[in-house]
Amino acid sequence: MSDSPTPAPEDFLRVQQEPRFRKLRSDYRRFAFPMTALFLAWYLLYVIVAAFFPQVMAVRVYGYVNVGIVWGLLQFVSTFVITALYVRFANRKLDPEATSIRQELEADAERNAAAQAGAKHAAPAATQEEAK
């Protein structure tokens, strides 16, 4: 765990308004929403065909393996493919920008903490001089 100071809530609100963060959020949504919709449609189609057209699922592909089993296994394959696509997308596009934004926030928090610490050290000295 890091010893660096945590950014203030105002800093997070400020960053949310910056164009870089808005683009980051937009890029994420442009990938995640269509991919989620595509997977849900693919899964819902599987469920509908299984429920209303069992004769389609019962068609044998090879030996005792039928369309239902193949389609069910393809649900797992599609999950792994989507995960791999997202990891690749995030590593190339999202993570570098998110890391940059986080580092700037942490640097600002460290500067603010140092300024506050400097002000606290200066204040007791002034108070001591006033007491004399």
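Residues numbered from 1 in each chain as written. Predicted model: local features only at pLDDT ≥ 70, side-chain atom pairs only at ≥ 80, totals over all residues. Heavy atoms only, no water.

A. Examining the packing of aromatic side chains more closely. Across all of its chains, the model carries six aromatic pairs by this definition. Look at Phe31 and Tyr86: their rings are 5.7 Å apart centre to centre, the planes differ by 50°, and that puts the pair in the tilted class. You can see Phe31 sitting in helix H2 (residues 19–52) and its partner Tyr86 sitting in helix H4 (residues 67–131), a full 55 residues away along the chain. Its relative accessible area of 16% is what places Phe31 among the buried residues. Relative to Trp71, the ring of Trp42 lies with its centre 5.7 Å away and its plane at 40°, an arrangement referred to as tilted. With a gap of 29 residues between them, Trp42 in helix H2 and Trp71 in helix H4 connect regions that are remote in the sequence. Residue class for Trp71 comes out buried when judged on its relative accessible area of 13%. Clustering of aromatic rings is evident, with ring pairs tying together Tyr28, Phe31, Tyr86 and Phe89. (Phe/Tyr/Trp six-rings, centres within 6.5 Å; stacked < 30°, edge-to-face > 60°. Helix = DSSP H or I, 4+ residues; strand = E, 2+ residues; numbered from the N terminus. Buried < 20%, exposed > 50% of the residue type's maximum accessible area, 1.4 Å probe, protein only.)

B. Seen up close, H2. Here H2 spans 48 Å end to end across 34 residues, near enough to the 50 Å set by a 1.5 Å rise per residue. Those residues of H2 lying buried are Leu24, Asp27, Phe31, Ala32, Met35 and Val49. (Expected span 1.5 Å × (residues − 1).)

C. Quick look at a nonpolar patch on the surface. Together, Val61, Tyr62, Val65, Ile69, Val70, Leu73, Leu74, Phe76, Val77, Phe80, Val81 and Leu85 make up an exposed nonpolar region whose accessible area comes to about 1,100 Å². Elements with a minimum of two residues in the nonpolar patch: strand E1 (60–62) and H4. Ranked by the residues each element gives to the nonpolar patch, the list is headed by H4, at nine residues. Among the secondary structure elements, Val70 is positioned in helix H4. (Patch = residues over 30% accessible without salt bridge, like charges linked within 9 Å, V, L, I, M, F, W, Y side chains within 5 Å. Areas by Shrake-Rupley, 256 points an atom, 1.4 Å probe, with all protein chains shown as cover. Salt bridge = Lys/Arg side-chain N within 4 Å of Asp/Glu carboxyl O.)

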